[in-house]
Amino acid sequence: MSKGLEVVDLHVNVHGKKVLKGVTLNVGYGTIHAIMGPNGSGKSTLAYTIMGREGYEVERGDIRLDGESILDLPTEERALKGLFMALQDPPQIPGVRLTTLMIAALNKRQGSSDLTRVRDPKIVRRMYSLAEELGLSRDLLQREINVGFSGGEKKRSELLQALILEPRIIILDEPDSGLDVDGVRKVSEYLVNLKEQGRGIMLITHYARMFKYVKPDMVTVLIDGRVAVQGGPELADLVEERGYAYIRRRYVEGKDSTI
Amino acid sequence: MAEQAVKIREDILKGADSPEILGWLDKPPKAEVELKGKITRSLVEEISRIKKEPDWMRRLRLRSLELFYKLPMPRWLTGIEEIDLDALSHYVKPEAEFTQDWEDLPDYMRKYYEKLGLPELEAKFLSGLVAVYDSETVYARMKEYLKKKGVIVLPLEEAVQKYPDLVKKYFLKVFPPADHKFAALHGALWSGGTFIYVPPGVKVREPIESFFLIGRQGEGQFEHSLIVADEGSYVHWIEGCSAPRFVGYSFHNGMVEAYAHKNATIKITTIQNWSRNVINFNNKRGIAEEGARIDWVEGSIGSKMTYVYPSTILKGPYSSTRSVVVTLSKGPYLKDSGSKVIHVAPHTRSKIINKSISADGGVNVYRGIVRILKGAKNASAHVECDSLILDGKSKAHTFPHNQVDEPTAYVSHEAKTGRLSEQQLFYLTSRGLTDDEAKSLIVLGFLDEIMGELPVEYANVLHKVIQLEFSELGAVG
């Protein structure tokens with residue numbers, strides 16, 4: 001049985017449009033797998049499909065966690081099995097405080113029927129201290145989720161949730177966009193930490209700038225819904241130097257899939 | 001509140017058979033008297049005779065009956081045609097005498113109230129408690145110190161006998177039976193209920209609760225509550241409604257009349273969680289004299305259809321009202337609500353907050369009215385209507401109506417509608433919550449500020465009940 005997240009020959013339609021056309025990749029525990037690609041290449045679709053979002057229809061292929069298919073599971077069960085996605089632009093949830101959501105999500109994992117009750121005050125203290133470390137103000141935790149959050153606050157809040165919920169596989173969709181240099185460095189530190197704790201990380205990014213601080217173990221470049229090329233961290237350098245047009249010419253049109 | 005009380009309310013929601021919850025093995029215990037069938041003069045006279053009423057009350061009933069025959073079916077009512085009035089039991093007297101001691105109640109009844117946590121609630125949080133079972137008040141008691149101050153908490157029938165002049169002054173005067181057909185029907189058939197009188201200057205610190213229970217199917221409940229606060233006094237009355245689930249429907253057509261004398265304050269809180277086959281019709285109205293205040297908080301969760309419009313007539317200058325109504329329609333149910341305020345005197349103030357939640361095909365209708373009569377100088381009114389719609393099948397309609405005949409008056413109105421998007425739902429489920437759990441969080445957030453209006457014990461129950469509504473259990477029935 002293989003460990004971690006496996007995506008096997010995944011074909012996905014989104015609202016009738018074919019977006020992924022055969023994607024295969026693995027995210028092992030204790031590794032960082034970077035997914036790169038130009039806009040519209042299917043990176044976010046891959047993430048949403050792994051999480052089981054409505055409207056993302058798997059036409060062919062499989063998604064497995066520790067060797068077991070999760071295709072038939074609804075989103076929340078995938079989450080409870082240890083998948084977590086940090087959204088690129090998470091929605092506002094009026095009325096629901098950030099702490100309330102995290103407490104509910106934790107209570108759910110502990111099988112409690114009252115989702116809103118704080119069972120252990122220690123966990124609230126942990127939220128506050130983590131928030132502080134991430135550079136989030138304390139009052140933000142008591143605010144309605146993403147309502148009036150800046151771009152950087154949204155990214156940090158997504159990461160905070162990942163740290164609190166302790167998933168086994170973390171999918172981050174462009175965690176660096178909207179962050180300044182200090183923010184990117186901070187987020188990267190945490191990702192390295194999470195990797196060292198043995199969590200599997202799928203890091204979706206358009207640019208290679210994060211890789212200055214966090215070295216991926218694997219890089220997959222998606223173009224037009226297909227894997228154009230897979231390789232080690234040097235592939236990220238190649239993208240950074242030559243751009244996606246070059247990758248497309250060399251690996252998609254030139255039919256050369258090794259470096 | 002007691003865990004146990006929450007648990008039993010949970011069981012009711014689960015739709016477990018009521019005999020099971022109540023500990024009745026076969027069917028509800030026999031009633032001592034049950035009057036059913038066509039609504040006739042002799043039926044009304046029979047009720048009056050059983051209650052040994054004075055002649056003035058009997059005549060009041062008969063006059064109301066005449067009005068019921070004459071008045072047309074209100075056109076604004078939808079779905080009420082389902083009620084076959086002639087098939088209902090209009091008066092059901094349980095085999096229990098009115099008492100001030102829980103021990104005197106029949107076993108099954110006492111056990112039921114114990115399961116609901118009422119005796120405990122009474123001891124810990126309340127100034128007084130009144131329990132209405134089917135058509136009669138079976139229990140009423142208040143704390144000793146209030147008796148010494150002259151506070152009266154009685155079944156309305158007892159008050160009719162003991163304090164006829166006091167009752168006569170207000171009864172069906174705040175809400176005349178001529179108002180509409182169902183008010184008239186109520187006047188003819190009323191039975192059970194609460195009479196509260198607070199003497200001048202007396203502040204009743206803890207709330208007084210009345211708890212209404214429909215014990216069988218095909219029953220009409222017509223309880224009447226009359227709350228009178230004399231000059232400068234204060235009272236908070238809580239109305240809790242519950243009905244276990246039976247096959248078939250029941251019809252509730254209750255009435256609340258509140259009268260706040262000069263500088264008095266009356267606060268009325270209702271948490272309604274009737275089961276899904278009760279058609280719940282309410283007639284609620286208060287009159288506020290100079291400097292008086294009447295506050296309504298209504299949380300309407302259960303029932304098949306609910307019609308509720310807490311209304312206040314601001315009769316004296318500087319009187320005020322605040323009315324908060326929260327309705328939840330989850331499933332094929334209807335809540336038709338809306339606060340009404342009539343500003344008669346100058347410098348009167350009103351605030352209306354209405355929040356509705358529609359889910360799984362539920363429908364909410366808001367029909368509020370603010371009327372400012374000529375001469376109500378510098379009156380001000382503010383109306384806030386928030387609707388939360390949780391899916392594409394559910395609806396919320398808002399029909400606010402303002403009629404302002406006084407040029408110096410100020411009326412403002414805010415309306416908001418929020419719809420839960422697929423993206424929001426995905427976000428919350430991606431954190432490990434089911435669709436329904438996600439919705440319950442959103443609903444609780446939507447109601448957050450309202451929860452603060454409730455005594456904390458009741459807020460906790462409401463909190464729990466809403467979570468249960470959005471659990472798998474709530475989906476039953």
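Higher on the page you've got the structure.
Residues numbered from 1 in each chain as written. Chains lettered and ligands numbered in written order. Predicted model: local features only at pLDDT ≥ 70, side-chain atom pairs only at ≥ 80, totals over all residues.

Asker: Mind showing me how you'd approach the interface of chain B and chain A here?
Answerer: For an interface, size is often stated in terms of accessible area lost upon the parts coming together. Listed as interface residues are 23 residues of chain B and, on the opposing side, 25 residues of chain A. Top element by residues in the side of chain B that touches chain A is helix α11 (residues 422-429) of chain B. It accounts for 7 residues. Along the lines of polarity and charge, the residues of the side of chain B that touches chain A split into 8 nonpolar, 11 polar and 4 charged. (Contact = placed C-beta atoms within 7 Å. Helix = DSSP H or I, 4+ residues; strand = E, 2+ residues; numbered from the N terminus. Nonpolar A, V, L, I, M, F, W, Y, C, P; charged D, E, K, R; others polar.)

Asker: Help me out: how do you make sense of the sheet that holds strand β10 (residues 200-204) of chain A in this one?
Answerer: Residues and elements named next belong to chain A. Strand order across the open sheet formed by 6 strands is β6-β9-β10-β3-β11-β12, with mixed pairing between neighbours. Each edge of the open sheet carries a strand with a single partner, namely β6 (83-86) and β12 (226-231). Strand-to-strand twist across the sheet, computed as the mean angle between neighbouring axes with direction ignored, equals 20°. Pairing of strand β3 (residues 32-36) with β10 involves 4 bridges; the strand directions are parallel. Residue Ile32 lies in a different strand from β10, and its bridge partner there is Ile201. Its contacts with the sheet put helix α7 (residues 233-253) on β3, β11 (218-223) and β12, and the angle it makes with β11 is roughly 30°. (Pairing = 2+ DSSP bridges. Axes fitted to C-alpha atoms, helices over the stretch in contact; angles between N-to-C directions.)

Asker: It is not clear to me how the environment of Leu172(B) should be interpreted in this structure. Could you clarify?
Answerer: Residues and elements named next belong to chain B. You can see Leu172 is positioned in the loop between α9 (164-170) and α10 (181-189). Its 25 C-beta neighbours within 10 Å are what place Leu172 among the buried residues. For the pair Leu172 and Ala183, spaced 11 residues apart in sequence, the C-alpha separation works out to 9.2 Å. (Buried ≥ 20, exposed ≤ 12 C-beta atoms within 10 Å, placed from the backbone.)

Asker: I tried to follow the packing of helix α12 (residues 435-446) of chain B against helix α14 (residues 456-469) of chain B on my own but got confused; where do I start?
Answerer: Two quantities define a packed helix pair, namely the angle between the helix axes and the distance between the axes. Residues and elements named next belong to chain B. For the pair α12 and α14, the least separation of the axes is 9 Å and the interaxial angle reads 150°. Relative to α14, the element α12 is oriented roughly antiparallel. The element α12 and its partner α14 pack so that their crossing is right-handed. Together, Ser440, Val443 and Leu444 of α12 and His463, Ile466 and Gln467 of α14 make up the contact between the two elements. (Parallel < 35°, antiparallel > 145°, perpendicular 65-115°, else oblique. Left-handed = near helix turned anticlockwise from the far one by under 90°.)

Asker: What exactly am I supposed to notice about the sheet that holds strand β4 (residues 56-65) of chain A here?
Answerer: Paired through their backbone hydrogen bonds, the strands of a sheet run either parallel or antiparallel. Residues and elements named next belong to chain A. Reading across the sheet, the 4 strands line up as β2-β1-β4-β5 and stay open at both edges, with antiparallel pairing between neighbours. One side of each edge strand has no neighbouring strand; the edge strands of this open sheet are β2 (17-27) and β5 (68-69). Relative to β5, β4 is paired through 2 bridges, and the arrangement is antiparallel. The residue of β5 that forms the bridge with Arg64 is Ser69.

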